[in-house]
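# Fold and contact review
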Amino acid sequence: MNNIAENLMTALMEKIRQEHKSIVEEVSQLFKETHKFLSATTADRQEKAKKQAQELHQFHQNLEQTTEEFLAETAKERFAQAKVQAKFLDEFYQELEQTTHEFLAETAKDRTEQAKAQRQYLHQFRQDLFASIFGTFSRQSTL
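Here is a short report on the structure shown in this document. (Residues numbered from 1 in each chain as written. Predicted model: local features only at pLDDT ≥ 70, side-chain atom pairs only at ≥ 80, totals over all residues. Heavy atoms only, no water.)

Next up on the list: the overall build of the protein. Helix and strand content of the protein: 1 helix and 0 strands. A globule of 143 residues ought to have a C-alpha radius of gyration of about 15 Å, yet the protein, at 58 Å, is considerably larger. Projected onto the principal axes, the alpha-carbon positions of the protein cover approximately 185 × 30 × 15 Å. With 143 residues in all, the protein has 2% of them scored as buried. Put simply, the protein shows about 13,700 Å² of open surface, and 59% of that area lies on carbon and sulfur atoms. Placing the 19 positive and 23 negative side-chain charges of the protein at their respective mean positions leaves the two points 5 Å apart. (Helix = DSSP H or I, 4+ residues; strand = E, 2+ residues; numbered from the N terminus. Rg over C-alpha atoms; globule rule 2.2 N^0.38 Å. Buried < 20%, exposed > 50% of the residue type's maximum accessible area, 1.4 Å probe, protein only. Areas by Shrake-Rupley, 256 points an atom, 1.4 Å probe, with all protein chains shown as cover. Lys, Arg positive; Asp, Glu negative; His and termini not counted. Charge placed at Lys NZ, Arg CZ, Asp CG, Glu CD.)

Here the focus is the packing of aromatic side chains. In the structure shown here, the tally under the stated rule is 3 aromatic pairs. For the ring pair F88 and F92, a centre distance of 6.4 Å and an interplane angle of 20° mean the geometry is stacked. Within this pair, F88 and its partner F92 are both found in helix α1 (residues 2-134), separated by 4 residues, close to a single helical turn. You can call F88 exposed: its relative accessible area is 52%. With a relative accessible area of 47%, F92 lands in the partly exposed category. (Phe/Tyr/Trp six-rings, centres within 6.5 Å; stacked < 30°, edge-to-face > 60°.)

The next thing to look at is the environment of Q94. Relative to the elements of secondary structure, Q94 occurs in helix α1. As a C-alpha pair, Q94 and K83 span 11 residues in sequence and 16 Å in three-dimensional space.

Quick look at the pattern of salt bridges now. Scanning the entire structure with this criterion turns up 3 salt bridges. Across the salt bridge formed by R17 and E14, the nearest N and O atoms sit 3.6 Å from each other. Residue R17 and its partner E14 are located together in helix α1, separated by 3 residues, close to a single helical turn. E73 is the salt-bridge partner of K76, the closest N and O atoms lying 3.9 Å from each other. Here the residue K76 and the residue E73 both occupy positions in helix α1, the gap between them amounting to 3 residues, near one helical turn. (Salt bridge = Lys/Arg side-chain N within 4 Å of Asp/Glu carboxyl O.)

The next point concerns α1. Every α-helical turn comprises 3.6 residues, leaving residues that sit three or four positions apart pointing alike. Over its 133 residues, α1 runs 184 Å from end to end, which matches the ideal 198 Å to within 8%, given 1.5 Å per residue. Positive phi shows up at G135, right after α1, with a value of about 85°. (Expected span 1.5 Å × (residues − 1).)

Together, Y121, L122, F125, L129, I133 and F134 give the surface a local cluster of nonpolar side chains, amounting to about 660 Å² of exposed area. Within the secondary structure layout, L122 lies in helix α1. Judged by relative accessible area, which is 42%, L122 ranks as partly exposed. (Patch = residues over 30% accessible without salt bridge, like charges linked within 9 Å, V, L, I, M, F, W, Y side chains within 5 Å.)

In structure tokens, the structure reads:
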């Protein structure tokens, strides 16, 4: 019986060693596959990150260029508008100055005519007054 138990024990130990060896091989294989998977995933993510960084860099450059072009075009348009407005304001000012000059000249002319008419009226009034008071016209009191 001892021999049978010994044989049984030896066979059981051999079976345990085989299972242990099999488990170690499976764990080793699983470790290798996991490492390979993680390495591939890491490499893939790094490649995607690099590609995305390049795309973002290109996008940033395009955005900068587009912005600069837009700002340059806007500045040109505003400058052109400012030139047109400056020309309009200059013409308006010249027209206003001319109109003002004409108005003042016409006003001065009208006032001069009014002053002459008033002088003539006052002169006539004075003559009429002297004539009514003295009965004759006196040349000494002319303006």
